[in-house]
Amino acid sequence: MKRKSISIAILSIALFTGSCTKDIIEEEPRGVFTPEFFSTELGVQGGLTYLYQNLRNVYGFAYFLNLGETGTDEYCAAQSADNNFFDLDLAGEGNLSSDSGFSIGRPWGNAFPAINTANGIIENAAAVGLDEALIAEAQFFRAFNYFLLVQTYGGVPLDLGSGELAFNSSAVRTSVRNTVPEVYTKAIFPDLIAAVNDLPENPRLTGAVTKNAARLFLAKAYLTYGWWLENPNGIPTYPEAPRTDPDGNGAAYYFQQAYDVAVQGINNPGPYGLLDYFYDVHVATNDRHEEMMLYADRTEESQIYNGADLGFSGTDGSANTAVWMVTSNYTTISVDGVAAVQREAAQSYGRPWTRMAPTTGALTETFAEKDLDSRYDGTFVTSYRGNWDKGGDETPTLTAANGLEIAPGDAVVSFLDDYDPNVDYSVNGGNIGGGQTAGRSDYVINLNEINRRFYPGLWKLGTYRTDNAGGLGSPNGALTRPFPIAKFSEFYLIAAEAAVKGASGNLSARDLVNVIRARAGMWRFDNGEQQERIEDNSAAMVAATPAVINIDYILAERSREYFGEGMRWYDLVRTQKWNEYASSYEIAGNDAADHNPTTTTRTIEPFHYLRPIPQGQIDDLDMSDAEKAAYQNPGY
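Residues numbered from 1 in each chain as written. Predicted model: local features only at pLDDT ≥ 70, side-chain atom pairs only at ≥ 80, totals over all residues. Heavy atoms only, no water.

Some details on helix α9 (residues 251–267)
An ideal rise of 1.5 Å per residue puts 24 Å on 17 residues; α9 measures up with 24 Å between its terminal C-alpha atoms. Among all positions in α9, only Ala-251, Tyr-254, Phe-255, Ala-258, Tyr-259, Val-261, Ala-262, Val-263, Gly-265 and Ile-266 are buried. Where α9 is buried, its residues touch α7 (180–198), α8 (211–230), α14 (490–500) and α15 (509–520). (Helix = DSSP H or I, 4+ residues; strand = E, 2+ residues; numbered from the N terminus. Expected span 1.5 Å × (residues − 1). Buried < 20%, exposed > 50% of the residue type's maximum accessible area, 1.4 Å probe, protein only. Contact = heavy atoms within 4.5 Å.)

Right under this line is the structure:
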C-alpha cells in the first residue's frame, strides 16, 4: 500500500518482513503491503520484524543523536556544524523552529508507523492464532514508541483515524492530540504491564525483547511521569492539562512504582547482568553482550540487512552514522609532511564530520576523576595514534614533539588527563594545534583548552569492521555495530533516582549508585595508553561516594555511564535541570590552534522543554489555520 503524506501514518509501513525461524531476526524485502496481507500470520510476523527494524531509523541516526545531545552540558555545535546543530544548540547562531532540519521530526515520523503496525498485530492476533508472548512484543513496542513521543513532544494522538489504539488503514488528515496523562495511563502503562506479564524471561531470538526489558521501560516511564506530575519548576505542558493523574495517584506513588519495578528487574535479571568492566560494555569486539537489553542492530554480513552501504554511506535512511557527528577531523594531523593519522575503519577513528563537540566542563568536571574511574577512558578517544603504514607509507619513523621519533602505533596527539601549565602550543604540533611538554614525543592538549575543531572523539560508539585485512578498511561506510538503547545498568540508576525522590526499600540511593561506581573502578585495559591495566579501584570509588545522594549526583552518574548516547536531553528535561545545567558552556573557537576557551550563553526557554512538531506534518493536516496553530506546541 502506498504511503500518503499525512499527519499520522495510516498503515503499517513495514519495510521488511520474514519468517522468524532462526536464532536471529531475518528480513525479507517487500515492496507492497495490503491490509489483507497484514491479517495473515506471515504479515503479523513481518510486522514484528518491522518493529525491530524501525529502531534503526532512530537509534544510530546521526540527527537523532543531535536531538538528544546538542544543547546540553555534554555537547555543543562544533566547527563544521550547520543549522541542524546550531538550531538545537540554542546559542544564537540558529533558530529552533518547526522547520529545523532533520532532527526534530525523526521520532514523530518513525514512531507512528511503528505504533500503527503494533495496533494491527494486536488486533489480528486472535485471528491468526498468535502466541501471547508475540502479542506482548507488539505491546512493548507500542508503549516504547509512545514513551519516546510523549517525552519529546508532550501529548500525542492515540487515535490514528480508526479509534484510540486501533489499527488504521485509511487516509486520515485530521488529528487530535491526547494529553500527557492520557498517553501514559491509556497506552504506555497498560501495554508495558502486559508486556512484563506475558513476555518470556529469555529472548525468543537474539536481540528480541523480554520480560525484564519491559520492566526497565516501565520503571523509567513511572519515574518520568512522577516528575511530570510533580513539575518542580513549573514547566508548561501541552496540550494543556492539570498535573493530576486520572487514577488519583500522586508523584510519590509513581516514584515508588519506579523504584519497586527497577528493583524487581535487578533481582530477576533473566539473561542480563552487569559486565565486570565498563571497558567491556563498549569495546566493539564484545558487542551484543548480556548488559545490552535493547539495541538497534546492524550487520557487516549483508548490505541489504545492514540497511546502509558498507562502503560509502550518507547519513540518511537507517544508516548508523551517529558517531561521525562527534568525531573531529583528525585526518589533518601531519608530521614530517606525512599524514600520520589516516581515516581508518577502527574504533578510535572512523569518518570525521565535526558537527558536535564535547564541552570543556563535561571533560573536566563530569569526568573529574580519571585515575580511579575507568569511564572517561572507556568513553573517549584520548590519543590519536600513527597508522600511516596502513595507508601504504613505509616510512619507519617520524620526528614529532621535542624532536623525538615515533613509529606506527605510537601516540601522535594526546589529550592530557591532568592539566599541565607548561604545554607550549606555539609549535602548532601535528598541524592540528598540538603543544609539546618536556619528555614526550606526542603532541598534547589540555582538556580545558580544547576547541570546536579538535577534541576527544567518542570511542564507545566508534567504528568496527572485521574486513580491514590489515589496512585502513572502509571507514566511509555506515557503522555495522548495534546502537545501544537500554542497558541493565540503568535499573540501578532509575531506582536510585526514585529513592532520591522519596521512594523507600531495602536498597538506598547510595547502595544502588555504588554498584555502578564499584564497577567503574575496575580496570583491565587502558584505552588512552593502549595497554593492559589490571587495577581494582572499586573500594576507593565507593568510599568517594557522598553519604547523601541528591539528584545532581544521579545526573552526574548518568552522564558518566551514558555520555554521548542520546539520553542527556531527555534526562535534563525529565528532571527539569536543563536550563540550570546547560545555559552556558565553555570551549575555544573553530581554529585548531585556538586554546583560549570562551563562555557561550544559551537561551533555554520553558517552552523548549518540548520539541516542535515538524511543520511538514502540520501542513498536511486538512484543518483550518487556527486548528493547525493549536496543534503545534506553543512557542514554535
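The structure having been displayed, the exposition proceeds.
Some points on the pattern of salt bridges
Taken as a whole, this structure holds 33 salt bridges when the rule is applied. The shortest N-O distance in the salt bridge between Glu-74 and Arg-568 comes to 3.9 Å. With Glu-74 in the loop between α3 (62–69) and β3 (75–77) and Arg-568 in helix α18 (residues 568–574), this pair connects stretches of sequence that are 494 residues apart. A residue is classified by how much of its surface remains accessible, and Arg-568, at 3% relative accessible area, is buried. Two residues, Asp-552 and Lys-577, come together in a salt bridge whose shortest N-O distance is 3.2 Å. Here Lys-577 lies in the loop between α18 and α19 (578–582) and Asp-552 lies in helix α17 (residues 551–562), a separation of 25 residues in the sequence. Overall, Asp-552 belongs to the partly exposed group, its relative accessible area being 28%. Overall, Lys-577 belongs to the buried group, its relative accessible area being 13%. Counted as one network, the salt bridges with shared partners bring together Glu-291, Asp-373, Arg-375, Arg-517, Arg-519, Glu-557, Arg-560 and Glu-561. (Salt bridge = Lys/Arg side-chain N within 4 Å of Asp/Glu carboxyl O.)

A few points about the packing of α7 against α8
Contact geometry of α7 with α8 gives a least axis separation of 8 Å together with a crossing angle of 155 degrees. It follows that α7 is roughly antiparallel to α8 by the angle criterion. Viewed along their axes, α7 and α8 form a crossing whose handedness is left-handed. Taking contact as the criterion, the partners of Val-180, Pro-181, Tyr-184, Thr-185, Ile-188, Phe-189, Leu-192, Ile-193, Ala-195, Val-196, Asn-197 and Asp-198 in α7 are, on α8, Lys-211, Ala-214, Arg-215, Phe-217, Leu-218, Ala-221, Tyr-222, Thr-224, Tyr-225 and Trp-228. Residue composition of the contact of α7 with α8, by class: 16 nonpolar, three polar and three charged. (Axes fitted to C-alpha atoms, helices over the stretch in contact; angles between N-to-C directions. Parallel < 35°, antiparallel > 145°, perpendicular 65-115°, else oblique. Left-handed = near helix turned anticlockwise from the far one by under 90°. Nonpolar A, V, L, I, M, F, W, Y, C, P; charged D, E, K, R; others polar.)

Quick notes on unusual backbone geometry
In this model, Tyr-238 is joined to Pro-239 through a cis peptide bond whose omega is -10 degrees. Mapped onto the elements of the fold, Pro-239 is located in the loop between α8 and α9. Of note, Arg-288 is a non-glycine position whose phi angle comes to about 65 degrees, a positive value. The topology assignment puts Arg-288 in the loop between α10 (278–282) and β4 (292–296). One non-glycine residue, Asn-431, lies in the positive phi region at around 60 degrees. With respect to the secondary-structure elements, Asn-431 resides in the loop between β13 (424–429) and β14 (434–436). Among the residues examined, Asn-431 registers a relative accessible area of 46% and is labelled partly exposed.

Looking at the nonpolar core
With 183 residues, the main nonpolar core has Tyr-59, Phe-140, Tyr-146 and Ile-188 as its most contacted residues. When residues in this core are grouped by element, the largest group, 14 residues, is from helix α6 (residues 132–153). Sequence-distant contacts of Ile-188, defined by excluding residues within four places in its chain, comprise Ala-143, Tyr-146, Phe-147, Val-150, Val-183 and Ala-221. (Core = buried A, V, L, I, M, F, W, Y, C linked by side-chain atoms within 4.5 Å.)

Focus: the pairing of strand β18 (residues 522–526)
As defined by bridge partners, β18 adjoins strand β19 (residues 531–536) across four bridges and the pair is classed as antiparallel. Bridge pairing links Trp-523 to Glu-535 in β19. (Pairing = 2+ DSSP bridges.)

Overview of the environment of Asp-594
Of note, Asp-594 is situated in the loop between β20 (584–587) and β21 (598–601). For Asp-594, a relative accessible area of 22% translates into the label partly exposed. Put simply, Asp-594 and Asn-451 are 143 residues apart on the chain and 6.4 Å apart in space, counted from C-alpha to C-alpha. Those residues in contact with Asp-594, other than ones at most four positions away along the chain, are Glu-449, Asn-451, Ala-588 and Gly-589. A distance of 2.9 Å separates the side chain of Asp-594 from the backbone nitrogen of Asn-596, its partner in a polar contact. (Polar contact = N/O pair within 3.5 Å; in protein donor to acceptor, adjacent residues only side chain to side chain.)

So, the side chain of Asp-280
By the secondary structure assignment, Asp-280 is in helix α10. Its relative accessible area of 15% is what places Asp-280 among the buried residues. Dropping the residues within four chain positions of it, Asp-280 is found in contact with Leu-275, Asn-286, His-289 and Arg-524.

Things to note about the confidence of the model for the protein chain
A residue-level look at the protein chain finds 94% of positions with pLDDT of 70 or above and a mean pLDDT of 93. Mean pLDDT per element in the protein chain: strand β1 (residues 16–17) is the minimum at 26, and α14 is the maximum at 99. Scored below 50 in pLDDT, residues 1–22 makes 85 contacts in the model with residues more than four places away or belonging to other chains. (pLDDT = per-residue confidence, 0-100.)

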